[in-house]
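# Structure assessment
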Amino acid sequence: ASEAEEKDLVIIGGGVAGYVAAIKAGQSGMKVTCIEKRGALGGTCLNVGCIPSKSLLNNSHLYHQILHDTKNRGIEVGDVKLNLGAMMKAKETSVSGLTKGIEFLFKKNNVEYIKGTGAFQDEHTVAVNLVEGGETTVRGKNILIATGSEATPFPGLTIDEKKVITSTGAIALQEVPKKMVVIGGGIIGLEMGSVWSRLGAEVTVVEYLGQIGGPGMDADVAKQAQKLLQKQGMKFKLNTKVTAGDAGGEGVKINVEAAKGGKEETLDADVVLVAIGRRPYTNGLGLENIGLEVDERGRVIIDQEYRTKIPHIRAIGDVTFGPMLAHKAEEESVAVVEYMAKGYGHVNYGAIPSVMYTHPEVAWVGQNEQELKAANVKYNVGQFPFSANSRAKTNLDTEGFVKMISDAETDRILGIHIIGPNAGEMIAEGVLALEYGASSEDVARTSHAHPTLSEAFKEAAMATYDKAVHY
Ligand code: FAD
Ligand code: NAD
């Protein structure tokens with residue numbers, strides 16, 4: 001980088017938030033530099049998050065299905081063996097293909113990529129400690145903080161990513177543990193717990209709350225998800241808190257007690273997965289050099305246009321407010337560049353979907369029943385089970401349901417909650433419906449191809465404003 005030249009935009013962090021903003025800025029004709037310290041683009045999501053976890057979820061599901069769900073389909077298989085090394089290789093191939101793809105897109109859109117750690121020197125200057133040694137500085141008219149998040153540690157348990165692991169260790173274990181304890185029954189705990197349970201580990205999930213799934217999951221869906229995961233072999237301890245852990249011996253000992261106090265118990269494990277949430281990452285960013293503060297949860301404080309109190313410095317993605325999701329970060333990337341280039345942008349935070357990639361999948365958008373009750377909103381609910389859906393029946397994959405909630409007065413859809421096969425793909429229709437302010441009748445009167453799983457979506461809509469036909 002030339003020290004004299006001032007860029008239109010300097011981005012710190014090459015995760016989803018940073019790299020998408022870089023490409024969009026390049027496309028808008030801005031001179032842009034993206035600084036990333038990990039040596040590869042794509043951030044948490046591509047390197048150690050969404051992508052590697054979905055590779056393992058997909059392949060561990062296939063393995064589990066071949067072991068347990070072929071005979072009734074008329075398929076007889078011989079010896080089935082797990083080759084964990086090869087499964088990890090497949091994961092690495094997916095990851096490296098995608099991260100290299102971003103480097104190509106950077107070149108195509110004239111984005112300068114600097115491998116190094118960035119820190120604010122002053123309000124327009126970022127000093128970069130280069131991965132390959134040495135230092136440089138870059139100046140920007142605008143600067144975007146997109147430094148993401150990291151796993152929240154559990155006090156008293158030192159992460160070694162072998163015995164005491166975060167999701168980063170959980171996507172890279174070299175052998176299947178006999179016993180795994182998962183602290184936290186949110187999305188990471190359930191997705192990674194599923195992977196290792198399918199591959200043969202005895203998995204116990206300890207969750208502080210009375211419900212699994214983390215924030216936002218509808219209680220009916222969470223209950224059903226727990227039932228189905230239990231059927232697959234996972235164990236759950238709800239309303240239970242971990243009080244201490246000891247990884248000093250051969251395995252790990254985890255002390256738990258009832259959340260409200262009471263009976264204590266010690267769980268033994270070979271591996272403990274700490275999955276109690278993630279926190280914004282601003283270590284070493286030099287925010288103090290420019291007088292920028294973070295809130296009590298470590299989030300960079302911004303306004304509606306993603307501006308910090310220094311207006312040309314903005315922040316998006318996991319490092320600031322909102323759900324820590326890759327597609328949320330991506331929406332913000334487009335909007336923040338539009339704010340810079342044109343003065344306006346838009347993200348509809350009421351229509352950001354959530355997906356849990358277990359089997360069956362769980363997906364939702366909008367509000368759940370508990371939230372609507374708490375807000376005193378009157379609503380109608382329509383539900384349709386996959387056991388009454390023709391495609392689910394032909395696939396012998398009938399567990400779960402679609403639940404739609406609409407406003408009692410206007411029938412405008414307020415929330416959609418799905419547990420079932422392909423829920424993560426199906427929710428896109430729900431997001432579109434919410435985005436366009438559709439009523440359940442609008443969806444019910446829309447033709448859906450037969451036989452498809454999405455007919456369950458249509459029938460749930462029918463059940464919301466009237467009656468389902470096939471149930
Ligand atoms: P990050 O992806 O964390 O990127 C920030 C980047 O900034 C990092 O690469 C970091 O190295 C770099 N950086 C930090 N500080 C500096 C510095 N000073 N200088 C230079 N570079 C710096 N979300 C989904 O939507 N779907 C999923 O299926 C999903 N699965 C997940 C699975 C796991 C196991 C985990 C952990 C997360 C998952 N997420 C998923 C969440 C998703 O990964 C994040 O929401 C997303 O990565 C946020 O993007 P970001 O760019 O804000 O931050
Ligand atoms: P989470 O917030 O989803 O779940 C954490 C869970 O841990 C909560 O249920 C909480 O009640 C529980 N918990 C907290 N402290 C505890 C304690 N001391 N003892 C027992 N339980 C405790 O967080 P996560 O699962 O770590 O995921 C982190 C972030 O990553 C989330 O924002 C999530 O959206 C994102 N992510 C998304 C996906 C996806 O979209 N499929 C996948 C993985 C991660």
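Note that the coordinates shown come from a computational prediction; the quantities given were computed from them, not determined experimentally.

What counts, and at which threshold
- Residues numbered from 1 in each chain as written.
- Chains lettered and ligands numbered in written order.
- Predicted model: local features only at pLDDT ≥ 70, side-chain atom pairs only at ≥ 80, totals over all residues.
- Heavy atoms only, no water.
- 1 Å grid on protein atoms, 1.4 Å probe; cavity = no way out; pocket = protein on both sides within 12 Å on 5 of 7 lines; lining within 4 Å.
- Points joined across faces, edges and corners; volume = space filled by probe spheres on them.
- Helix = DSSP H or I, 4+ residues; strand = E, 2+ residues; numbered from the N terminus.
- Core = buried A, V, L, I, M, F, W, Y, C linked by side-chain atoms within 4.5 Å.
- Buried < 20%, exposed > 50% of the residue type's maximum accessible area, 1.4 Å probe, protein only.
- Contact = heavy atoms within 4.5 Å.
- Lys, Arg positive; Asp, Glu negative; His and termini not counted.
- Salt bridge = Lys/Arg side-chain N within 4 Å of Asp/Glu carboxyl O.
- Polar contact = N/O pair within 3.5 Å; in protein donor to acceptor, adjacent residues only side chain to side chain.
- Patch = residues over 30% accessible without salt bridge, like charges linked within 9 Å, V, L, I, M, F, W, Y side chains within 5 Å.
- Areas by Shrake-Rupley, 256 points an atom, 1.4 Å probe, with all protein chains shown as cover.
- Disulfide = S-S within 2.5 Å.

## Some words on the layout of surface pockets
By volume, the second largest pocket is sized at about 430 Å³. Within the residue set of the lining of the second largest pocket, elements represented by two or more residues are helix H3 (50–68) and helix H7 (219–231). No other element matches H3, which puts four residues into the lining of the second largest pocket.

## Quick look at the nonpolar core
Side chains of a nonpolar character, in soluble globular proteins, are inclined to be buried together. Ranked by internal contacts, the top residues of the largest apolar core, which has 52 residues, are Ile-11, Phe-106, Phe-120 and Ile-145. In terms of residues, this core owes the most to one element, helix H1 (residues 16–27), which gives eight residues. Filtering out sequence-adjacent residues up to four positions away, Phe-106 remains in contact with Tyr-19, Ala-22, Ile-23, Cys-34, Leu-41, Val-111 and Tyr-113. Among the nonpolar cores identified, the runner-up in size contains 38 residues, and Met-87, Val-182, Phe-236 and Ile-419 belong to it.

## Some thoughts on the side chain of Glu-455
Inspection of the secondary structure puts Glu-455 in helix H13 (residues 454–465). Although Glu-455 is buried, it makes no salt bridge; Lys-458 carries the closest opposite charge, 7.7 Å away. In terms of polar contacts, Glu-455 uses its side chain to reach the side chain of His-450, at 2.9 Å.

## Some details on a nonpolar patch on the surface
Together, Leu-62, Ile-66, Ile-75 and Val-77 make up a nonpolar patch on the protein surface, roughly 300 Å² of accessible area in all. Residue position: Val-77 is located in the loop between H3 and helix H4 (84–108).

## Focus on the state of the cysteines
Taken as a whole, this structure holds one disulfide when the rule is applied. Across the disulfide, Cys-45 is cross-linked to Cys-50 (sulfur-sulfur distance 2.2 Å). Judged by the sign of its S-S torsion, about -130 degrees, the bond between Cys-45 and Cys-50 is left-handed. Under the relative-accessibility criterion, Cys-50 is labelled partly exposed at 26%. Cys-45 supplies the cysteine sulfur nearest to Cys-34, a cysteine that is in no disulfide, at a spacing of 15 Å.

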